[in-house]
Amino acid sequence: MPDTYKNIIVTGGCGFIGSNFVHYVVNNHPEVHVTVLDKLTYAGNEENIAGLPEDKVELVVGDICDKKLLDEIMPGHDAIVHYAAESHNDNSIVDPEPFLHTNVEGTYCLLEACKKYDVRYHHVSTDEVYGDLALDDPARFTEETPYNPSSPYSSTKAASDLLVRAWTRTYDLKTTISNCSNNYGPYQHIEKFIPRQITNIICGVKPKLYGDGLNVRDWIHTEDHSSAVWTILTKGKIGETYLIGADGEKNNIDVLHAILRGMGKDEDEFDWVKDRPGHDRRYAIDSAKLRRELGWKPQYTDFEGGLAKTIQWYRDNEAWWRPVKEATEAKYAKVGQ
Ligand code: NAD
Ligand code: DAU
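Position numbers for residues count from 1 along each chain, tracking the sequence in the order it is written. Think of it this way: whatever chain is written first is A, whatever ligand is written first is 1, and the rest follow in order. Confidence filtering applies because this is a predicted model: local features only for residues at pLDDT of at least 70, side-chain atom pairs given and counted only at 80 or more, and all residues used for totals across whole chains, interfaces and linings. To get the side-chain values, all heavy atoms of the structure are used, and hydrogens and water are removed first.

Looking at the nonpolar core
Part 1 of the reasoning: Nonpolar cores were defined as sets of buried Ala, Val, Leu, Ile, Met, Phe, Trp, Tyr and Cys residues, with membership established by side-chain atoms within 4.5 Å. When accessible area is computed with a 1.4 Å probe and restricted to protein chains, residues below 20% of their type maximum are described as buried, those above 50% as exposed, and intermediate ones as partly exposed. One finds Ile8, Phe21, Val34 and Ile244 to be the most contacted residues of the largest nonpolar core, which totals 32 residues.
Part 2 of the reasoning: The helix count covers DSSP runs of H or I at least four residues long, the strand count covers runs of E at least two residues long, and both are numbered beginning at the N terminus. Mapped by element, the contributors of at least two residues to this core are β1 (7-11), α1 (16-28), β2 (33-38), β4 (79-82), α7 (222-235), β11 (241-244) and α9 (288-294).
Part 3 of the reasoning: Here, two residues are considered to be in contact whenever any of their heavy atoms come within 4.5 Å of each other. When neighbours within four sequence positions are excluded, valine 34 is seen to be in contact with Ile8, Val10, Val22, Val25, Lys56, Val57 and Glu58.

Comments concerning the sheet that holds β4
Part 1 of the reasoning: Strand order across the open sheet formed by seven strands is β3-β2-β1-β4-β5-β6-β11, with parallel pairing between neighbours. Two strands in the sheet have a free side with no partner beyond their single neighbour: β3 (57-61) and β11. For this sheet the average axis-to-axis angle between neighbouring strands, irrespective of direction, equals 20°.
Part 2 of the reasoning: Two strands pair when backbone bridges link them, and β2 and β3 are joined in this way by five bridges, in the parallel orientation. Its bridge partner lying in β3, threonine 35 is registered against glutamate 58.
Part 3 of the reasoning: Lines fitted to C-alpha atoms define the axes here, with helix axes fitted over just the stretch in contact, and angles between the N-to-C directions of these axes take values from 0 to 180 degrees. Its contacts with the sheet place helix α4 (residues 97-117) against β1, β4 and β5 (120-126), and it is angled at close to 160° to β5. Only strands joined by at least two bridges in the DSSP assignment are considered to pair.

Focus on the site of ligand 2
Part 1 of the reasoning: As a matter of local geometry, ligand 2 sits amid 24 residues, with Asp127, Tyr153, Arg217, Arg276 and His279 nearest to it.
Part 2 of the reasoning: Pairs of N or O atoms within 3.5 Å make up the polar contacts considered here, provided that, within protein, one atom can donate a hydrogen while the other can accept it, and that residues adjacent in sequence are counted only when both atoms are side-chain atoms. Between ligand 2 and histidine 279 there is a distance of 2.7 Å, counted from an oxygen atom to a side-chain nitrogen or oxygen.
Part 3 of the reasoning: Where accessible areas are quoted, they stem from the Shrake-Rupley method and a 1.4 Å probe; at the residue level, only the protein chains shown are allowed to cover. For ligand 2, whose free accessible area comes to 690 Å², the fraction covered by protein is 95%.
Part 4 of the reasoning: Breaking the shell around ligand 2 down by element, the ones donating at least two residues are α6 (193-202) and β8 (208-210).
Part 5 of the reasoning: In this classification, Asp, Glu, Lys and Arg are treated as charged, Ala, Val, Leu, Ile, Met, Phe, Trp, Tyr, Cys and Pro as nonpolar, and every other residue, Gly included, as polar. In terms of residue class, the shell around ligand 2 is built from six nonpolar, ten polar and eight charged. For each residue, the test is whether any non-hydrogen atom lies within 4 Å of the molecule or strand; if one does, the residue is near.

Re the site of ligand 1
Part 1 of the reasoning: Of all residues adjacent to ligand 1, which total 28 residues, the nearest are Ile17, Asp38, Ser87, Tyr153 and Lys157.
Part 2 of the reasoning: Take tyrosine 153: an N or O atom from its side chain is 2.6 Å from an oxygen atom of ligand 1.
Part 3 of the reasoning: Protein burial of ligand 1: of its 850 Å² of free accessible surface, 97% is covered by the chains.
Part 4 of the reasoning: Put simply, the parts of the chain that give the shell around ligand 1 at least two residues each are α1, β5 and α5 (152-171).
Part 5 of the reasoning: The biggest single contributor to the shell around ligand 1 is β5, with three residues.
Part 6 of the reasoning: Partitioning the shell around ligand 1 into residue classes produces twelve nonpolar, twelve polar and four charged.

Thoughts on the packing of helix α8 (residues 252-262) against helix α10 (residues 303-316)
Part 1 of the reasoning: As a packed pair, α8 and α10 sit with axes 10 Å apart at the nearest point and diverge in direction by 55°. By the criterion of interaxial angle, the relationship of α8 to α10 is oblique. In terms of crossing hand, the pair formed by α8 and α10 is right-handed. In this structure, α8 uses Val255, Ala258, Ile259, Arg261 and Gly262 to contact α10, whose residues at the interface are Phe303, Glu304, Leu307 and Ile311.
Part 2 of the reasoning: Residue composition of the contact of α8 with α10, grouped by class: six nonpolar, one polar and two charged. Working definition: roughly parallel below 35 degrees, roughly antiparallel above 145 degrees, roughly perpendicular at 65 to 115 degrees, and oblique for all remaining angles. The crossing is said to be left-handed when, going from far helix to near helix, the turn is anticlockwise and less than a right angle, and right-handed when the turn is clockwise.

Considering the packing of aromatic side chains
Part 1 of the reasoning: Aromatic contacts are taken between Phe, Tyr and Trp rings whose centres are within 6.5 Å, Trp giving its six-membered ring; a plane angle under 30 degrees counts as stacked, one over 60 as edge-to-face, and the others as tilted. Taken as a whole, this structure holds 14 aromatic pairs when the rule is applied.
Part 2 of the reasoning: Their ring planes at 70° and their centres at 5.1 Å tell us that phenylalanine 270 and tryptophan 272 sit as a pair that is edge-to-face.
Part 3 of the reasoning: Considering the side-chain rings of tyrosine 314 and tryptophan 320, the 6.3 Å spacing of their centres and the 70° angle between planes classify their relative orientation as edge-to-face. When sorted by exposure, tyrosine 314 lands in the same class as tryptophan 320, which is buried.
Part 4 of the reasoning: One Lys or Arg, lysine 115, reaches over the ring of tyrosine 171 and ends 3.8 Å from the middle of that ring.
Part 5 of the reasoning: For a Lys NZ or an Arg CZ to count as sitting over a ring, it must be within 6 Å of the ring centre and within 35 degrees of the ring normal. Lying over the aromatic face of tyrosine 42, lysine 331 brings its terminal NZ or CZ to 4.8 Å of the ring centre.

Notes on the side chain of asparagine 91
Part 1 of the reasoning: Looking at where asparagine 91 falls in the secondary structure, it is placed in helix α3 (residues 89-94).
Part 2 of the reasoning: A distance of 3.1 Å separates a polar atom in the side chain of asparagine 91 from a polar atom in the side chain of tyrosine 42.
Part 3 of the reasoning: Other than its neighbours up to four places away in sequence, asparagine 91 contacts Tyr42, Phe99, Glu191 and Lys331.

As structure tokens, this is what we get:
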């Protein structure tokens, strides 16, 4: 495996996690040129990569399902890191179709392009492909856990992982897969749990908690996700899957209490709302393989400190999220959440 690459494509590089990876590469690996391929859906924002040097980062606005465009941009690139996806569970419950298009068909198109142009491929996936765990189960997900997705979103991510495995075995594609837990940090779309509650409080609206609030997510800072993906891209063994996590299990009500405290509110200043249909109970990642075999470890393990900085970022960057707040909340209002 090479120590680095000359020209990489990052799909979804204007989204929350993809844009963090673009910054990570520019800041830490100045020898790399990044072509961002992004359709700029409602979740993509050019601002997320604004100000990066033009000789290091080029944005191509387009759909990963556009085979003609892929024929134009793939030659000359030595690796592709595939982040682009429809990523929000609640949206997938209301309208699954775009998830099939981007997550399944889009992955197929990229795999075919990598086959044609002999490009190294890294697939960014989620722990949700494994389904959920009971609250009292001592187990965590490992690379051997059977796939058992619950939602339209996670089933399309699982389907995309399986395409990668099949293309690797059948066509000898040079691939790796990573499955990461819940990310938090700046630039996350305000439809997601943590930024939705922070921006609600800034707007004088009470945060909204689903169900009984006891669902557990395994939080990791997006900077740690980026360093893990770079490690796998450069040191990972071809054909392997690596789970990415930072031992950050917390239930939703504890996270919400921390946000309320951090923003000077009482812990009971929130609304209970209707639960998400099919709501996964608990995710938990065992990332021992990635740490043991590739020497990666997370750096941003102080969750309360990371949350405080994230809250400050949303306070300082109202111009980034304010224009989409009303429409985001209108979607939730329609489904009673
Ligand atoms: P996001 O919704 O913030 O960003 C997705 C990006 O993909 C956007 O910039 C969007 O414009 C782009 N995109 C969507 N459809 C496209 C298409 N057809 N062609 C080109 N670009 C398209 O998502 P995110 O939260 O940053 O997640 C990125 C990836 O990481 C996804 O694959 C997701 O499954 C995975 N992941 C996310 C988390 C998390 O906690 N958010 C955790 C583990 C894995
Ligand atoms: O585990 C990785 C996954 O994490 C990624 O694959 C997904 O792309 C990402 O969106 C995230 O999925 P979740 O469904 O876990 O994240 P979300 O932010 O939507 O919700 C986190 C938890 O908070 C979940 O238990 C539902 C709950 N929730 C969410 C919202 C938006 C609430 O209680 N209230 C809310 O308003």
